[in-house]
Amino acid sequence: MAERKGNIGARENKALAQTKGERTKMQNKAAFGSRIREYRIKKGLSQPQLAALLGVTKNAVTNWEAGASRPDIASIPALCTHLEISADTFFDMPAQYRALNAAEAAHMERYRLLDRYRQRSVDALMDALIENEMLAFREQCVSAFTRIGRDELPASAGTGTPLDDTYEREYVFLRNSRSVCRADTIITVTGDSMLPTFRDGDELLVEYTPEIREGEIGIFVVAGEGFVKEYRSDGLHSHNPKYKTIRPMQDDNFRCVGRVLGAVTEDMLATPQELAVLSEVYSSRQDS
């Protein structure tokens, strides 16, 4: 049996929590913060000036740009207006989708023929249509995605890692599928013992169950340490032939945590637009 690690101490837990926070901060900054800063500077606005236009605190803008938080979906139209950019630009849609086609250009020419009062009527109609479109998109996102907790303390595909049920979890939104809807949690692989099936760093969809069938891959705890292995009647098997079979002893407190349904793939993840809506929806639910 491979050598086992000891329990992760307070320092390691703190480091894992910091890693989670840093990853979220980097994602927020890449998706929104850097773009807000770029177009704010192009407009010649300071952070306090932009905050005043939006009716938020200066710290809110600072946090957006630093990635510490993200603007809620309700503030994005006003943000785009004051930065003089489209929603497509804000969400970094490809340039080909932002260019006006012939029909759109013709609409703009007709709009310019209207006096300012009729232009206001057109503006009000467009605002109402956009609001309805955003509401429909919001409902579509809520029905199309499932929110699943990610277990930061990984199960091992190598030497073993303590599996602590009390560790703080973060959450990810995944597009609905049979596997996603069955999954109860996401657990990260560490090590290479399940190559070529799973690689180090793969995130696995796991369904909680105290037992699985022979030949299935599961998450197991042996003497307090977590493993991802294939279950067979003679023990827990790796897919990498250089690793020996784990044969739990009677005093190892062996238990099955769950069944592995598959790995999280890129096509399961929400786009920046979908993520902004989903984050706002779940944030408002928690506040209410």
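For the structure itself, consult the block above.
Within the chain, the secondary structure is distributed over 9 helices and 9 strands. Residue burial in the chain is summarised as follows: out of 288 residues, 38% are buried. When the accessible area of the chain is evaluated, it comes to approximately 16,800 Å², of which 51% is carbon and sulfur surface.

Another point: the nonpolar core. Of all hydrophobic cores here, the largest spans 26 residues; its most connected members are Leu50, Leu79 and Phe90. If you list the elements that add at least two residues to this core, you get α1 (10-42), α2 (47-54), α3 (58-66), α4 (76-83) and α9 (272-287). Per-element tally for this core: the top contributor is α9, with 5 residues. Discounting residues that sit within four places of it in the chain, leucine 79 has contacts with Ile36, Leu50, Leu54, Trp64, Pro71 and Phe90.

Tallied over the entire structure, the rule returns 15 salt bridges. The partner of glutamate 170 in a salt bridge is arginine 150, and the shortest N-O contact between them spans 3.4 Å. Taken together, the residues span a long stretch of sequence, with glutamate 170 in strand β3 (residues 170-175) and arginine 150 in strand β1 (residues 145-156) at a distance of 20 residues. In this structure, the salt-bridge partner of arginine 259 is glutamate 216, at a minimum N-O distance of 3.0 Å. One end of the pair, arginine 259, is in strand β9 (residues 255-263); the other, glutamate 216, is in the loop between β5 (203-208) and β6 (217-222), and 43 residues separate them in sequence. Within the structure, one salt-bridge network assembled from shared partners comprises Arg182, Glu207, Arg213, Glu216 and Arg259.

Scanning the entire structure with this criterion turns up 4 aromatic pairs. A ring pair is formed by phenylalanine 173 and tyrosine 282, whose centres lie 5.1 Å apart and whose planes are at 50°; its orientation type is tilted. Taken together, the residues span a long stretch of sequence, with phenylalanine 173 in strand β3 and tyrosine 282 in helix α9 at a distance of 109 residues. Here phenylalanine 173 and tyrosine 282 have matching classes, each one buried. With 5.8 Å between their ring centres and 20° between their planes, phenylalanine 220 and phenylalanine 254 make a pair best called stacked.

Let us look at the environment of alanine 183. Here alanine 183 lies in the loop between α8 (178-182) and β4 (185-190). Residue alanine 183 is classed as buried on the basis of its relative accessible area of 11%. Taking C-alpha positions, alanine 183 is 9.5 Å from glycine 258, a pair spaced 75 residues apart along the chain.

In the sheet, β4 pairs with β5 via 4 bridges, with the strands oriented antiparallel. Bridge pairing in β5 links threonine 188 to glutamate 203. In this sheet, β9 lies alongside β5 in antiparallel orientation, the contact comprising 5 bridges. Counted as the bridge partner of glutamate 207 is arginine 259 from β9.

Turning to α4, a few remarks are in order. Buried within α4 are the following residues: Ile76, Leu79, Cys80 and Leu83. On an axial view of α4, the arc spanned by its buried residues comes to 95°, and they lie on one face.

It is the contact of α2 with α3, at a shortest axis distance of 8 Å, that shows an interaxial angle of 115°. Classified by the angle their axes make, α2 and α3 are roughly perpendicular. Crossing of α2 against α3: the hand is right-handed. Listed contacts from α3 to Gln47, Pro48, Leu50, Ala51 and Leu54 of α2 are Lys58, Val61, Thr62, Trp64 and Glu65.

Before going further, it helps to examine a nonpolar patch on the surface. Taken together, the side chains of Met126, Ile130 and Met134 make up a nonpolar region of the molecular surface, amounting to roughly 250 Å² of accessible area. Position of isoleucine 130 relative to the elements: it lies in helix α7 (residues 116-144).

It is worth spelling out the pairing of β6 at this point. The side chains of a regular strand alternate, first on one face of the sheet and then on the other. With 6 of 6 residues buried, β6 is to be regarded as a mostly interior element. Neither face of β6 is open: one carries Ile217, Ile219 and Val221, the other Gly218, Phe220 and Val222, and all of them are buried. Pairing between β6 and strand β7 (residues 225-232): 6 bridges, direction antiparallel. Paired with valine 221 across the strands is glycine 226, a residue of β7. Counted along the chain from β6 to the antiparallel partner β7, the turn is 2 residues long, and its residue alanine 223 has a positive phi close to 55°. Both β6 and β9 contribute to a ladder of 4 bridges, which runs antiparallel. If you follow isoleucine 219 over to β9, its bridge partner there is glycine 258.

Reading the values: the criteria
- Residues numbered from 1 in each chain as written.
- Predicted model: local features only at pLDDT ≥ 70, side-chain atom pairs only at ≥ 80, totals over all residues.
- Heavy atoms only, no water.
- Helix = DSSP H or I, 4+ residues; strand = E, 2+ residues; numbered from the N terminus.
- Buried < 20%, exposed > 50% of the residue type's maximum accessible area, 1.4 Å probe, protein only.
- Areas by Shrake-Rupley, 256 points an atom, 1.4 Å probe, with all protein chains shown as cover.
- Core = buried A, V, L, I, M, F, W, Y, C linked by side-chain atoms within 4.5 Å.
- Contact = heavy atoms within 4.5 Å.
- Salt bridge = Lys/Arg side-chain N within 4 Å of Asp/Glu carboxyl O.
- Phe/Tyr/Trp six-rings, centres within 6.5 Å; stacked < 30°, edge-to-face > 60°.
- Pairing = 2+ DSSP bridges.
- Arc of directions from axis to C-beta.
- Axes fitted to C-alpha atoms, helices over the stretch in contact; angles between N-to-C directions.
- Parallel < 35°, antiparallel > 145°, perpendicular 65-115°, else oblique.
- Left-handed = near helix turned anticlockwise from the far one by under 90°.
- Patch = residues over 30% accessible without salt bridge, like charges linked within 9 Å, V, L, I, M, F, W, Y side chains within 5 Å.

Purely geometric numbers; function is a separate question.
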